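Descriptive analysis of the structure
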Amino acid sequence: PMFYIQREELDHGIPALRLGPDAIPLCTVQRVTLANKWDYGQLFSLPLTGAQQPLSSFHTAVNVHTVQLSYWDPATPGVLGALARKLDHTGAFAFFPRLHTLCVTEDHYQNHNSIVDTSMIEVLQARADGGAPIEHLRVVKTLASREIWDLIKDLVVIEYVLAL
């Protein structure tokens, strides 16, 4: 799996980041792009603590403000569910407490079901109710005709873009 990151001090594109705390200080990550062809939903459902857990260090990625994912990717409902997850002991969001923008792309998958739409509504509502709302949704124009955007237009500012 690859995470693509963008930091303010980088001027020359987006470098690849191997998953792991030793690859780059996760506290510097501001944008995460979830590439296709890997089950991120499964990854984000793993336990959050313990030295051997892949996400045990993600609690330090507190500066992530943007997550990009694919609407059609079968892993997307799992990722959206994870973004709504709270830590039991603090009530804070488990992933990316400063998240304010979701970017939604389109790719080769065409096996949509309503779980993506339901998960989108749930994460937007959970984050708003929890005091850490997702304020912006950037959606590629090829997805503009999906009914979900009308359903959530009161929860988030939606911007349709040519490409992400």
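Residues take numbers from 1 onward in each chain, read along the sequence in its written order. At least 70 in pLDDT is required for a residue's local features to be given in this predicted model, at least 80 for side-chain atom pairs to be given and counted, and no such filter applies to totals for whole chains, interfaces and linings, which use all residues. Side-chain descriptors were evaluated using all non-hydrogen atoms of the structure, hydrogens and water having been removed beforehand.

Now for the confidence of the model for the protein chain. When pLDDT is averaged along the protein chain, the result is 75; 66% of the residues meet or exceed 70. For the protein chain, the element scoring lowest by mean pLDDT is strand S2 (residues 16–18), at 41; strand S7 (residues 157–161) scores highest, at 97. Confidence scores labelled pLDDT are given residue by residue by the predictor and lie between 0 and 100. Here, residues are in contact when the closest pair of their heavy atoms is within 4.5 Å. Confidence drops under pLDDT 50 across residues 1–21; counting only partners more than four residues distant or on other chains, this segment forms 46 contacts. Across residues 48–54 the pLDDT falls below 50, and counting only partners more than four positions away or on other chains, this stretch makes 14 contacts in the model. The helix count covers DSSP runs of H or I at least four residues long, the strand count covers runs of E at least two residues long, and both are numbered beginning at the N terminus.

As a further point, take helix H3 (residues 114–129). In this scheme, a helix's expected span is set at 1.5 Å multiplied by one less than its residue total. When the terminal C-alpha atoms of H3 are compared, their 22 Å separation across 16 residues agrees well with the 22 Å that a helix rising 1.5 Å per residue should span. Those residues of H3 that fall on the buried side of the exposure criterion are Val116, Asp117, Ser119, Met120, Val123, Leu124 and Arg127. All buried residues of H3 fall inside an arc of 165° around its axis, so they share one side. Residues of H3 that are buried make contact with helix H2 (76–83), strand S5 (101–105), strand S6 (136–140) and helix H4 (148–152). Phi turns positive, to about 85°, at glycine 131, one or two residues after H3. Accessible area is worked out with a 1.4 Å probe on protein chains only. A residue is then buried under 20% of its type maximum, exposed over 50%, and partly exposed in between. Starting at the helix axis, one direction is taken to each C-beta atom, and the arc is that of these directions.

This brings us to the packing of aromatic side chains. Between rings of Phe, Tyr and Trp, where Trp is taken as its six-membered ring, a pair exists when centres lie within 6.5 Å; planes separated by under 30 degrees are stacked, by over 60 edge-to-face, and by other angles tilted. As enumerated under the stated definition, the model contains 3 aromatic pairs in all. Arranged with centres 5.9 Å apart and planes meeting at 55°, the rings of tyrosine 71 and tryptophan 149 form a pair that is tilted. Remark: tryptophan 149 occurs in helix H4 and tyrosine 71 occurs in the loop between strand S4 (66–70) and H2; sequence separation between them is 78 residues. Ring geometry for phenylalanine 95 versus phenylalanine 96: centroids 6.1 Å apart, planes at 55°, classification tilted. A single burial state applies to phenylalanine 95 and to phenylalanine 96, both of which are buried. Ring-pair connections join several aromatic residues into one group, and the members of that group are Tyr71, Trp72 and Trp149. Above the ring of phenylalanine 93, the side-chain terminus of lysine 86 is found at 5.2 Å from the ring centroid. Directly above the ring of phenylalanine 93 sits arginine 127, whose terminal nitrogen or CZ lies 4.3 Å from the centroid. For a Lys NZ or an Arg CZ to count as sitting over a ring, it must be within 6 Å of the ring centre and within 35 degrees of the ring normal.

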